[in-house]
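# Inside the fold
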Amino acid sequence: SLSIANEQNLDLVCESVLLYSFSRLSNTIERSEDHLIGDVLQYIQNHLSDSNLSLASIAEDLGYNPKYISTIFTGRMGVTYSDYVKNLRIRHAVFLMEQGIVAVKNVAFLSGFRDPLYFSKVFRKKIGCTPSQRIRENRAEHG
């Protein structure tokens, strides 16, 4: 492009080259962010029941800044990291209940919650009933 430029169009050609370069760089960054999100999601899946799972631990293991991961995660997923993990853990808890685990404390720990009372509070807020009520419903359905 620069070889065909002359005095009349040099600014235009340079601007075009810069815009093209920025667009290529932008695509590279997007692919890099997609890869990062994929790694974060896989990490969460592999460590969901670990009550020590945190954005800081993920960032440390993957070699990124926690704030950077948080920003990229929220932007790409449309939900904060903590809300995403809570929702995933609650879905896992429901699955465990459907599999016959009836002790709320065990469901909480197996779902990655350290505190069964906090688990019950989050569960009720997300599902609309307490874990004990859900377990009773499952028992009644499966008889």
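Residues numbered from 1 in each chain as written. Predicted model: local features only at pLDDT ≥ 70, side-chain atom pairs only at ≥ 80, totals over all residues. Heavy atoms only, no water.

## Observations concerning the packing of aromatic side chains
This structure, assessed with the given rule, holds six aromatic pairs. Taking 5.9 Å as the distance between ring centres and 15 degrees as the angle between the ring planes, the aromatic pair formed by Tyr64 and Tyr68 counts as stacked. Looking at Tyr68, the relative accessible area reads 34%, which means it is partly exposed. A ring pair is formed by Phe113 and Phe119, whose centres lie 5.2 Å apart and whose planes are at 55 degrees; its orientation type is tilted. In this structure Phe119 comes out as buried when scored by relative accessible area, which is 0%. Pairwise contacts between aromatic rings join Phe113, Tyr118, Phe119 and Phe123 into one cluster. Between Arg89 and the ring centre of Phe113, over which it is positioned, the NZ or CZ distance is 6.0 Å. (Phe/Tyr/Trp six-rings, centres within 6.5 Å; stacked < 30°, edge-to-face > 60°. Buried < 20%, exposed > 50% of the residue type's maximum accessible area, 1.4 Å probe, protein only. Lys NZ or Arg CZ within 6 Å of the ring centre and 35° of its normal.)

## Observations regarding helix α6 (residues 116–127)
For the α-helix, the turn length of 3.6 residues means that residues three or four positions removed from each other point alike. Its twelve residues give α6 an end-to-end C-alpha distance of 16 Å, which sits within 8% of 16 Å, the value for a rise of 1.5 Å per residue. Inspection of α6 places Phe119, Val122 and Phe123 among the buried residues, and these make up the whole buried set. For α6, the angular spread of buried residues about the axis comes to 105 degrees, placing them on one side. Opposite its buried face, α6 presents the exposed residues Leu117, Lys121 and Lys125, each directed more than 90 degrees away. With a side-chain oxygen lying 2.9 Å from the backbone nitrogen of Leu117, the N-terminal cap of α6 falls on Asp115. Backbone geometry just after α6 places Gly128 at a positive phi near 100 degrees. (Helix = DSSP H or I, 4+ residues; strand = E, 2+ residues; numbered from the N terminus. Expected span 1.5 Å × (residues − 1). Arc of directions from axis to C-beta. Polar contact = N/O pair within 3.5 Å; in protein donor to acceptor, adjacent residues only side chain to side chain.)

## Remarks on the packing of helix α2 (residues 55–62) against helix α3 (residues 66–77)
Their axes nearest at 9 Å, the elements α2 and α3 cross at an angle of 105 degrees. Between α2 and α3, the angle is such that the two are roughly perpendicular. Contact with α2, carried on its side by Leu55, Ala56, Ile58 and Ala59, involves Pro66, Ile69 and Ser70 of α3 and no other residues of that element. In terms of residue class, the contact of α2 with α3 is made up of six nonpolar, one polar and no charged. (Axes fitted to C-alpha atoms, helices over the stretch in contact; angles between N-to-C directions. Parallel < 35°, antiparallel > 145°, perpendicular 65-115°, else oblique. Contact = heavy atoms within 4.5 Å. Nonpolar A, V, L, I, M, F, W, Y, C, P; charged D, E, K, R; others polar.)

## Digging into the pattern of salt bridges
Tallied over the full model, the rule gives two salt bridges. The partner of Asp34 in a salt bridge is Arg76, and the shortest N-O contact between them spans 2.0 Å. On the criterion of sequence distance, the pair formed by Asp34 in helix α1 (residues 10–47) and Arg76 in helix α3 is long-range, its members being 42 residues apart. Residue class for Asp34 comes out partly exposed when judged on its relative accessible area of 45%. Here Glu98 makes a salt bridge to Arg134, at a shortest N to O gap of 3.8 Å. Of this pair, Glu98 sits in helix α4 (residues 81–98) while Arg134 sits in helix α7 (residues 131–142), and the two are 36 residues apart along the sequence. Since its relative accessible area comes to 42%, Glu98 is described here as partly exposed. (Salt bridge = Lys/Arg side-chain N within 4 Å of Asp/Glu carboxyl O.)

## Topic: the nonpolar core
By size, the foremost hydrophobic cluster in this structure holds 17 residues, and its most contacted members are Ile44, Ile58 and Tyr81. Counting residues per element, the ones that place at least two in this core are α1, α2, α3 and α4. What Tyr81 contacts, discounting residues up to four positions off in sequence, is Ile44, Leu53, Ser54, Leu55, Ile58, Phe73 and Thr74. One finds Ile90, Phe113, Phe119 and Val122 within the second-largest nonpolar core, a separate group that totals 13 residues. (Core = buried A, V, L, I, M, F, W, Y, C linked by side-chain atoms within 4.5 Å.)

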